[in-house]
Amino acid sequence: MHEMWLQGMTHFLDWVEQSGWVGWLGFIVIYTLTCVFFLPGSVLTVVAGAIYGFWGGTLLVSISNLIGAVVNFLTSRYLLRGWLQRKFASNPKYHALDRAVANDGWQIILLSRISPVVPHSIVSYACGLTKLSLAKFSLASWIGFVPISAAYSYAGAFLGKFARASAGLPHGQGSWETWAFYGVGLVVTIIVTLWSTRVAAKALKLRANV
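Below is a summary of the structure that appears in this document. Being a predicted model, the structure only gives us computed values, none of them experimental. In this numbering scheme, every chain counts its residues from 1 along its sequence in written order. pLDDT decides what is reported in this predicted model: residues at 70 or higher carry local features, side-chain atom pairs at 80 or more are listed and counted, and totals for whole chains, interfaces and linings draw on all residues regardless. To obtain the side-chain values, all non-hydrogen atoms of the structure were used and water was disregarded.

### Description of the overall build of the chain
Worth spelling out the cut-off: Only DSSP runs of H or I with at least four residues qualify as helices, and only runs of E with at least two residues qualify as strands; both kinds are numbered from the N terminus onward. A simple rule labels every residue: compare its accessible area, found with a 1.4 Å probe on the protein chains alone, to the largest value its type can have, and call it buried under 20%, exposed over 50%, or partly exposed in between. Per-residue and other accessible areas were derived by the Shrake-Rupley procedure at a 1.4 Å probe size, with only the shown protein chains allowed to occlude residues.
On a plain count of helices and strands, the chain comes out with nine helices and zero strands. Burial analysis of the chain (210 residues in total) assigns 43% to the buried set. As displayed, the chain has an accessible area near 11,600 Å², and 70% of this comes from carbon and sulfur atoms.

### Notes on the side chain of Ser 153
Note the threshold: As used in this structure description, the phrase polar contact means that two N or O atoms lie within 3.5 Å; if the pair is within protein, one of them must be able to donate a hydrogen and the other to accept it, and residues adjacent in sequence are counted only when both atoms belong to side chains.
Along the chain, the position of Ser 153 falls in helix H8 (residues 134-166). Its relative accessible area of 0% is what places Ser 153 among the buried residues. At 2.8 Å, the side chain of Ser 153 forms a polar contact with the backbone oxygen of Ser 149.

### Observations regarding the side chain of Ser 64
We count it as follows: Any two residues whose heavy atoms approach within 4.5 Å are treated as being in contact.
Summarising the element assignment, Ser 64 is placed in helix H3 (residues 42-79). Beyond its immediate chain neighbours, meaning those up to four positions away, Ser 64 contacts Phe 27, Ile 28, Tyr 31 and Thr 32.

### A short note on the packing of aromatic side chains
Selection criterion: In summary, the pairing rule links any two rings of Phe, Tyr or Trp, Trp by its six-membered ring, whose centres are within 6.5 Å, and it sorts them by plane angle into stacked for under 30 degrees, edge-to-face for over 60 and tilted for everything else.
Counting across every chain of the model gives six aromatic pairs. An aromatic cluster is present here, built from Phe 54, Trp 55 and Tyr 154 joined pairwise through their rings.

### Quick word on the nonpolar core
Here is the rule we go by: By nonpolar core is meant a set of buried Ala, Val, Leu, Ile, Met, Phe, Trp, Tyr and Cys residues that side-chain atoms within 4.5 Å join together.
Membership of the largest hydrophobic core is limited to 11 residues, which are Ala 69, Phe 73, Val 101, Ile 108, Ile 109, Val 123, Cys 127, Leu 132, Phe 137, Ala 140 and Phe 145. Looking at this core, the elements with two or more residues in it are H3, helix H6 (106-114), helix H7 (120-127) and H8. Broken down by element, the residue count for this core peaks at three residues, all from H8. If sequence neighbours within four positions are ignored, Ala 140 has contacts with Trp 106, Ile 109, Leu 110 and Arg 113. Listed in part, the nine residues of the second largest apolar core include Ile 28, Tyr 31, Cys 35 and Leu 44.

### Regarding the environment of Ala 126
Mapped onto the elements of the fold, Ala 126 is located in helix H7. Between the C-alpha atom of Ala 126 and that of Phe 73, which follows or precedes it by 53 residues, the distance is 7.6 Å.

### A closer look at H3
Selection criterion: A helix is expected to span 1.5 Å multiplied by its residue count minus one. A residue's bend is given by the angle between axes fitted to the 7 residues ending at it and the 7 residues starting at it.
The end-to-end C-alpha distance of H3 is 28 Å, clearly below the 56 Å that 38 residues give at a rise of 1.5 Å each. Of all the bends found along H3, the most pronounced is centred on Gly 53 and spans about 130°.

### A word on the packing of H6 against H7
Spelled out, the test is: To get an axis, a line is fitted to the C-alpha atoms, and for a helix only the part in contact is used. The angle between two axes follows their N-to-C directions and goes from 0 to 180 degrees. Working definition: roughly parallel below 35 degrees, roughly antiparallel above 145 degrees, roughly perpendicular at 65 to 115 degrees, and oblique for all remaining angles. In this scheme the handedness of a crossing depends on how the near helix is turned from the far one: anticlockwise by less than a right angle means left-handed, clockwise means right-handed. Three classes are used, and their members are as follows: Ala, Val, Leu, Ile, Met, Phe, Trp, Tyr, Cys and Pro are nonpolar, Asp, Glu, Lys and Arg are charged, and the others, Gly among them, are polar.
At a minimum axis distance of 9 Å, the contact between H6 and H7 shows a crossing angle of 160°. Between H6 and H7, the interaxial angle falls into the category roughly antiparallel. When the axes of H6 and H7 are compared, the crossing they make is left-handed. Touching Ile 109, Ser 112 and Arg 113 of H6 are His 120, Val 123, Ser 124 and Cys 127, all from H7. For the contact of H6 with H7, a count of residues per class yields three nonpolar, three polar and one charged.

### A few points about the environment of Lys 136
Structurally, Lys 136 is set in helix H8. Here the alpha-carbon distance between Lys 136 and Ile 109, two residues 27 residues apart in the chain, equals 9.0 Å.

### Side note on the packing of H3 against H7
Interaxial distance between H3 and H7 falls to 7 Å at its minimum, and their mutual angle equals 40°. One way to sum up the angle between H3 and H7 is to call them oblique. In the packing of H3 onto H7, the handedness of the crossing is right-handed. Judged by residue contacts, Ala 69, Asn 72, Phe 73, Thr 75, Ser 76 and Arg 77 of H3 engage Ser 121, Ser 124, Tyr 125 and Cys 127 from H7. Tallied by class, the residues present in the contact of H3 with H7 amount to four nonpolar, five polar and one charged.

What follows is the structure, given as structure tokens:
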């Protein structure tokens, strides 16, 4: 099943690269579906950077993440509220998150987006059951999504440049200084991402006990 998903994503991303702004819309739709159905989106996040570069990938992934989160939030609040309340009734992480959101609101959402301690889709669905406003949820989610989106996009941009260079394509060529810059940037990105994730996880655990 996982291999079929990866193959399907590969074909889809080939189409995205060749479709201009239509490809952007298609990417956002598919990414939203990965959020709704708890499907792995890591392939999408990395390849977005490979296709559109660091800035384009960061913008596209952060927007897609936000739209997926808002769809889950609204679905939970207005369509599946009763069913989700029963489903989360015995989930201690949900109850901890609910208490934390009531006390700290958007700070908890921000930390949860940076830290992978609680899956992002679950956070979005769970927050729809709280009294948190959509505006605060959206702003905190988007700010929290930007760092991880940037990290994945940078990694994707590096891998994309390497792949083009291996294939002898023009956009993949560069001096050793360029490659050194990319390499150092990638290492720094990984270190900062791991550090920020660890700090966020500790802060989230202290505030929400999740």
